[in-house]
Amino acid sequence: MVQTLHTGFDRLEVSFRCTLNGSVLHQLAQAKEEAQNANSEYVAKVRGNMVKVKPTGAQGGFAYQFSTDMGTFMVKNSHKDDWNLKINIGSDAFLMCDYRSVKEYIADMLLILTDDVAEESIARFDYCVDLVQDGFVLNPQQFSMHWRSSGTAHYAENYNGMLQNSDEYQQFIEAQKESEVYFCGGQCTGFTVGKMPGRQVQIYNKRREVMVKRKPQWLEQWRKNGWNGESIVWRIEGRLAKDSLKDAGITTFKEFEEKAADVLNDLMESVRMLNADRNSATNVTRIASHPMWKEAQEHMKEVFSGSFTGMKRKAIREVRQAELLDILEQNIAGTALSWAALQGVQPHEIENSVQALGKILVHRYRHDVSGVATKMAQADNRYVFITGNTQCEGRC
């Protein structure tokens, strides 16, 4: 049986042709200078909203780059009407908010950052479905890919008997170039078909990625929706970027809302995970899609109408804060043991050793009050979106 643990957008990138507010540009310039002096992100207020400004700009002529707990903003240093602003909304935002709320947040930020917006251009979106099926093993031989040429679908999965100079054989070779397989410990952990900035579909072990990159909010999200805490969570994710969106006639929010489900469905039909090895039949079109693939397809048909089952902003912050505290405590404990070992302390003396180390630290802090204040301020800035000391929140 297939169990769905999460479904929703995972990324949205939008560019805007707009006239930027002069005060915003001035404040960003000052904040960037502070960030460069500190060689780290600098927390600043931009028209009353707290943001983290990076010491560098971004590719594409963007002089400034800053983030909020909803995403990343890239801004050109220009007072002219041009493509001056790019907004990337990330996975945490879509874990907190549905699409409607994200769109409202973008509108709010445009009012803050610009004097006038002429048009928008959707540059990329990702949509994901997290699934569990006990006993499932990812097998690249269960994937069927076909590629369109001049409006005709050509199937190149079963290459037995193909002439090497035939169009069909060449299409098969090109299909293999467009796919990537990932292994860990002898097991297949992911399979990707397609290239960006075109379109791409991927299935991968999301639980493994979450554990490696330490994203505890996802573990909580899955548990909330019935995960047992042990089963592998597989993510099926469709990604569509600038080239494929342009071909599909998607530029504006209105076009995106009208056609997103259609382009996702087309992507999921052009690449299928089969319910059997593709070489088990002479005609792969007769092999049914895998139940997990079917489940993902059904959810992708309802990208805007499905129910939202995300997490509250406060809950995400609490989970991330607990994870960071655990990491820091482990680091402190390891450092204390190293210090004790260099002091010649024996294991049974460690409690007294830690108390002695505490006194040494207190002594150091008392004799460097300004240094302590500076480092504490830097730490506050680093974790500002986790502690919640910010005004740049969305409506969700």
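Relevant structure appears above.
Attention in this report is confined to the structure presented alongside it.

Rules of the game
Residues numbered from 1 in each chain as written. Predicted model: local features only at pLDDT ≥ 70, side-chain atom pairs only at ≥ 80, totals over all residues. Heavy atoms only, no water. Phe/Tyr/Trp six-rings, centres within 6.5 Å; stacked < 30°, edge-to-face > 60°. Helix = DSSP H or I, 4+ residues; strand = E, 2+ residues; numbered from the N terminus. Lys NZ or Arg CZ within 6 Å of the ring centre and 35° of its normal. Pairing = 2+ DSSP bridges. Patch = residues over 30% accessible without salt bridge, like charges linked within 9 Å, V, L, I, M, F, W, Y side chains within 5 Å. Areas by Shrake-Rupley, 256 points an atom, 1.4 Å probe, with all protein chains shown as cover. Salt bridge = Lys/Arg side-chain N within 4 Å of Asp/Glu carboxyl O. Buried < 20%, exposed > 50% of the residue type's maximum accessible area, 1.4 Å probe, protein only. Axes fitted to C-alpha atoms, helices over the stretch in contact; angles between N-to-C directions. Parallel < 35°, antiparallel > 145°, perpendicular 65-115°, else oblique. Left-handed = near helix turned anticlockwise from the far one by under 90°. Contact = heavy atoms within 4.5 Å. Nonpolar A, V, L, I, M, F, W, Y, C, P; charged D, E, K, R; others polar.

**Examining the packing of aromatic side chains**
Point 1. Counted by the stated rule, this structure contains 18 aromatic pairs.
Point 2. With a centroid separation of 5.5 Å and 40 degrees between ring planes, the pair formed by F9 and F304 is classed as tilted. Pair noted here: F9 is in strand β1 (residues 3-20) and F304 is in the loop between α9 (291-300) and α10 (313-342), with a separation of 295 residues, a long-range link.
Point 3. A connected cluster of aromatic rings, assembled from ring pairs, spans F9, F94, Y99, F125, Y127, F256 and F304.
Point 4. In this structure, K76 is placed above the aromatic ring of F62, and the distance from its NZ or CZ to the ring centre is 5.5 Å.
Point 5. Note that R235 overlies the ring of W218, its terminal NZ or CZ placed 4.7 Å from the centroid.

**A look at the pairing of β1**
Point 1. In terms of strand pairing, β1 meets strand β7 (residues 114-132) through 16 bridges, oriented antiparallel. Bridge pairing in β7 links G8 to C128.
Point 2. Sheet analysis places β1 next to strand β6 (residues 82-89), joined by seven bridges and oriented antiparallel. Paired with E13 across the strands is N88, a residue of β6.

**Description of the pairing of β7**
Point 1. Two elements, β7 and strand β13 (residues 234-241), share eight bridges in a ladder whose sense is antiparallel. Within β13, the position partnered with F125 by the bridge is L240.

**With respect to a nonpolar patch on the surface**
Point 1. The grouping of L325, L328 and I332 at the surface amounts to a nonpolar patch, some 280 Å² of accessible area in total.
Point 2. The residue L328 is located in helix α10 in this model.
Point 3. In this structure L328 comes out as partly exposed when scored by relative accessible area, which is 37%.

**What to know about the pattern of salt bridges**
Point 1. A complete count under the given rule lists 25 salt bridges for this structure.
Point 2. The salt bridge partner of D130 is R235, with a shortest N-O separation of 2.6 Å. Of this pair, D130 sits in strand β7 while R235 is found in strand β13, placing the two residues 105 residues apart along the sequence. When sorted by exposure, D130 lands in the same class as R235, which is buried.
Point 3. Residues D326 and R214 are paired through a salt bridge, measuring 3.9 Å at the closest nitrogen-oxygen approach. Here D326, found in helix α10, pairs with R214, found in the loop between α5 (206-213) and α6 (216-224); they are 112 residues apart in sequence, far enough to count as distant.
Point 4. Judged by its relative accessible area of 32%, D326 falls in the partly exposed class.
Point 5. For R214, a relative accessible area of 38% gives the class partly exposed.
Point 6. One continuous salt-bridge network, built from bridges that share partners, spans D10, D130, R235, E237 and R239.

**Regarding the packing of helix α8 (residues 253-270) against α9**
Point 1. Orientation of α8 relative to α9, taken along the N-to-C sense of each, is 165 degrees, at an axis distance of 9 Å. Comparing the axis directions of α8 and α9 gives the class roughly antiparallel. You can see that α8 and α9 cross each other, and the crossing is left-handed. Residues A261, L264, N265, M268 and E269 of α8 touch α9, and the partners they reach there are W293, A296, Q297 and M300.
Point 2. Classifying every residue of the contact of α8 with α9 by side-chain character gives six nonpolar, two polar and one charged.

**Quick look at the environment of H6**
Point 1. Mapped onto the elements, H6 comes out in strand β1.
Point 2. Separated by 215 residues in the primary sequence, H6 and Q221 place their C-alpha atoms 7.6 Å from one another.
Point 3. With residues near it in sequence (within four places) discarded, H6 still touches L95, C128, V129, D130, W218, Q221, W222 and R235.

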